[in-house]
Amino acid sequence: MAVRIRPARREDVPAIQRVVSDSWRAAYDELLPPKALSFIGDEERFLPAESLTEVIDTGNANMLVALREGNVIGEIQFATGPATHAFVAPAEGETQLQSLYVDPDHWRAGVGSALVEAGVDRLDGDADAVLVEVLSENADARRFYRSEGFEPADERVVELFGLPYPSTIMRRPLR
């Protein structure tokens, strides 16, 4: 069955929490310590419903969900404007892909690509480029973003759960 993409709604919040948590645990099982994976498994602590609802209600970020058979199986969130860039400080004309998570049962089925393209289309020419940050050791994520037209642009070290991790900032020109 085909994937349908639409803007996130308040009633999607529990499913988004589940998808993000499941995706993090699957993607980072070998990279993060057990204590971090346990925290990620607590969906409300890891990604509070209140925070997600605020993002959806304010509209400051373009948040979309992917649905298959009526169930949320993925989400993407683009941040536009200087107040919304929590991770990467883009230059003028750039926006940040803040999150892209797909239920691990639907990995490699075109869901992530469909979300990226739908999200980029919604930017309506407001950005010259999109930036995304991935953990450098996450080869699958780097490979996926390269297939979507992103190229490494910078590197830095981020702190996650009290530990340092190298990260790669990738950039996709839109014009």
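Right, let's walk through the structure included here. (Residues numbered from 1 in each chain as written. Predicted model: local features only at pLDDT ≥ 70, side-chain atom pairs only at ≥ 80, totals over all residues. Heavy atoms only, no water.)

**Focus on the pattern of salt bridges**
And then number 1: According to the stated counting rule, one finds 13 salt bridges in the structure shown.
And then number 2: Of the charged contacts in the structure, one is a salt bridge between Arg 171 and Glu 94, with a shortest N-O distance of 2.8 Å. Residue Arg 171 is located in strand 7 (residues 163-173), and its partner Glu 94 is located in strand 4 (residues 94-102); the two are separated by 77 residues in the primary sequence.
And then number 3: For Arg 171, a relative accessible area of 30% puts it in the partly exposed group.
And then number 4: Given a relative accessible area of 18%, Glu 94 falls into the buried group.
And then number 5: Of the charged contacts in the structure, one is a salt bridge between Asp 140 and Arg 108, with a shortest N-O distance of 3.5 Å. Pair noted here: Asp 140 is in helix 6 (residues 139-147) and Arg 108 is in the loop between strand 4 and helix 5 (111-122), with a separation of 32 residues, a long-range link.
And then number 6: Residues joined by salt bridges that share partners form a network here, namely Arg 18, Asp 22, Arg 25 and Asp 103. (Salt bridge = Lys/Arg side-chain N within 4 Å of Asp/Glu carboxyl O. Helix = DSSP H or I, 4+ residues; strand = E, 2+ residues; numbered from the N terminus. Buried < 20%, exposed > 50% of the residue type's maximum accessible area, 1.4 Å probe, protein only.)

**Focus on the nonpolar core**
And then number 1: Ranked by internal contacts, the top residues of the largest apolar core, which has 22 residues, are Ile 16, Trp 24 and Val 72.
And then number 2: Only helix 1 (13-28), helix 4 (49-58), strand 2 (61-68) and strand 6 (151-160) provide two or more residues apiece to this core.
And then number 3: Every residue in contact with Val 72, bar those within four places of it in the chain, is listed here: Asp 12, Ala 15, Ile 16, Arg 18, Val 19, Val 65, Ala 66 and Leu 67.
And then number 4: Leu 97, Val 120, Val 132 and Val 134 belong to the second largest nonpolar core, which has 21 residues in total. (Core = buried A, V, L, I, M, F, W, Y, C linked by side-chain atoms within 4.5 Å. Contact = heavy atoms within 4.5 Å.)

**Let's talk about the environment of Pro 48**
And then number 1: Mapped onto the fold, Pro 48 is located in the loop between helix 3 (43-46) and helix 4.
And then number 2: The partly exposed category is assigned to Pro 48, whose relative accessible area is 28%.

**Brief notes about unusual backbone geometry**
And then number 1: Despite not being glycine, Glu 69 shows a phi value in the positive range, around 55°.
And then number 2: Inspection of the secondary structure assignment puts Glu 69 in the loop between strand 2 and strand 3 (71-79).
And then number 3: Since its relative accessible area comes to 59%, Glu 69 is described here as exposed.
And then number 4: Unlike most non-glycine residues, Phe 161 shows phi in positive territory, near 55°.
And then number 5: Mapped onto the elements of the fold, Phe 161 is located in the loop between strand 6 and strand 7.
And then number 6: You can call Phe 161 partly exposed: its relative accessible area is 34%.

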